[in-house]
Amino acid sequence: MPLPKVNTPTYELVLPSTGKKLKYRPFLVREEKILIMALESENVKQITESVIEILESCILTKNFKISDLATFDLEYLFLNVRSKSVGETVEINVTCPDDNKTTVSMSVDLDAIKVKKDKKHKDTIKLDETLSLKLKYPSVVQFIENNFEASEKSEVSTTLDMIVSCIDIIYSEEESWSASESTPKELEEFVDQLNTKQFKMIEDFFATMPKLTHSIKVKNPTTDVESTVILEGLAAFFN
């Protein structure tokens, strides 16, 4: 006689970037093993790829591509899946900022962690009186490519690759040019034409884009100094 199937609950959440609803289930023991092995490796690329693999199994919404998610969407989604899978709290080690060496173990409520949106953030940049540029968020695939598969490139080259991959549309009042219809070389040549002020506006898009963030109060047991620590990104909650 075959063993019975275990019923798995399902949940819904809203993606911060689009407001789209997703259905998901908690990850299972076999998927948790994948994550544990990746965390033990301390290899950021391996951890990221494991997160993608687990989410691809856990997302129940049809025709949804994990690889297209913005990085902060993926981080928020994974935290919610993790919360429903193994518990709403996680123990992390926090370094006290007043001496930058004392470490304190703290419990963090995963359900309290949200994606923070900067009021100054905008995805459309007016380059001059004629041209505007609309940017899109880097996907997790772009994040991996630009941070872990470009080790031989300079920091400037890596930044340029990220900008080029995030161009959506260039347009004027009369016409528009879709990035999907242009080659990477053409887009790179367009970016190379920008002046310092225009390039800085593009950099501000990345600096102010939504972030998975949470602030906590930590008291140094050695100095009795209490400080506020800002946790950002998925890795901050798995150390």
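Note: the structure precedes this text.
It should be emphasised that the depicted structure is a prediction, and the values quoted were computed from it without experimental measurement.

A. Structural view of the overall build of the protein chain. A tally of regular secondary structure across the protein chain gives seven helices and eleven strands. Dimensions of the protein chain, computed from C-alpha atoms along their principal axes, come out at roughly 65 × 60 × 35 Å. A total of 239 residues make up the protein chain; the buried ones form 39% of that total. A total of about 14600 Å² of accessible surface is found on the protein chain, and carbon and sulfur atoms cover 50% of it. Seen as two clouds, the 29 positive and the 40 negative side-chain charges of the protein chain have centres 7 Å apart.

B. Quick peek at the packing of helix α1 (residues 29-41) against helix α2 (residues 44-58). One can describe the packing of α1 onto α2 by two numbers: an axis separation of 8 Å at closest approach and a directional angle of 170 degrees. As far as their axial angle goes, α2 and α1 are roughly antiparallel. Where α1 approaches α2, its residues Glu31, Ile34, Leu35, Met37, Ala38, Leu39 and Ser41 are matched on the opposing element by Gln46, Ile47, Ser50, Glu53, Ile54, Ser57 and Cys58. For the contact of α1 with α2, the class distribution of residues is eight nonpolar, four polar and two charged.

C. Highlighting α1. Taking 1.5 Å of rise per residue, 13 residues should cover 18 Å, and α1 covers 19 Å from first to last C-alpha, within 8% of that figure. All of the buried residues in α1 are Glu31, Leu35 and Ala38. Buried positions in α1, seen along its axis, are confined to an arc of 65 degrees and lie on one side of it. Turned more than 90 degrees from where α1 packs its buried face, Val29, Arg30, Lys33, Met37 and Glu40 sit exposed. At the C-terminal side of α1, glutamate 42 shows a positive phi close to 60 degrees.

D. Structural detail: the packing of aromatic side chains. Within the structure shown, the criterion is met by five aromatic pairs. Here phenylalanine 205 and phenylalanine 206 contribute two aromatic rings whose centre-to-centre distance is 5.0 Å and whose plane-to-plane angle is 80 degrees, an arrangement assigned as edge-to-face. Members of the aromatic cluster, connected to one another through ring pairs, are Phe72, Tyr137, Phe205 and Phe206. If you follow lysine 84 out to its NZ or CZ, it ends over the ring of tyrosine 11, 5.5 Å from the centre.

E. Expanded view of the nonpolar core. Leu55, Ile66, Leu74, Leu77, Leu231 and Phe237 are the most contacted members of the largest nonpolar core, which has 43 residues in total. In terms of residue count, helix α3 (residues 71-86) provides more of this core than any other element does, seven residues in total. Those residues in contact with leucine 77, other than ones at most four positions away along the chain, are Leu13, Leu22, Leu55, Ile59, Ile66 and Leu69. With 19 residues, the next largest nonpolar core counts Leu135, Leu160, Leu194 and Ile202 among its residues.

F. Geometry of the sheet that holds strand β11 (residues 226-232). Here we have three strands laid out as an open sheet, ordered β5-β10-β11, and antiparallel in their pairing. Sheet topology places β5 (114-116) and β11 at the edges, where each strand pairs with a single neighbour. Going across the sheet, the axis of each strand differs from the next one's by a mean of 50 degrees, ignoring polarity. In terms of strand pairing, β5 meets strand β10 (residues 211-219) through three bridges, oriented antiparallel. Note that in β10 the partner of lysine 114 across the bridge is threonine 213.

G. Inspection of unusual backbone geometry at higher detail. Phi is positive for asparagine 63, close to 55 degrees, though the residue is something other than glycine. Assignment of secondary structure puts asparagine 63 in the loop between α2 and α3. A positive phi angle, near 60 degrees, is found at asparagine 100, a position not held by glycine.

What counts, and where the lines are drawn
- Residues numbered from 1 in each chain as written.
- Predicted model: local features only at pLDDT ≥ 70, side-chain atom pairs only at ≥ 80, totals over all residues.
- Heavy atoms only, no water.
- Helix = DSSP H or I, 4+ residues; strand = E, 2+ residues; numbered from the N terminus.
- Buried < 20%, exposed > 50% of the residue type's maximum accessible area, 1.4 Å probe, protein only.
- Areas by Shrake-Rupley, 256 points an atom, 1.4 Å probe, with all protein chains shown as cover.
- Lys, Arg positive; Asp, Glu negative; His and termini not counted.
- Charge placed at Lys NZ, Arg CZ, Asp CG, Glu CD.
- Axes fitted to C-alpha atoms, helices over the stretch in contact; angles between N-to-C directions.
- Parallel < 35°, antiparallel > 145°, perpendicular 65-115°, else oblique.
- Contact = heavy atoms within 4.5 Å.
- Nonpolar A, V, L, I, M, F, W, Y, C, P; charged D, E, K, R; others polar.
- Expected span 1.5 Å × (residues − 1).
- Arc of directions from axis to C-beta.
- Phe/Tyr/Trp six-rings, centres within 6.5 Å; stacked < 30°, edge-to-face > 60°.
- Lys NZ or Arg CZ within 6 Å of the ring centre and 35° of its normal.
- Core = buried A, V, L, I, M, F, W, Y, C linked by side-chain atoms within 4.5 Å.
- Pairing = 2+ DSSP bridges.

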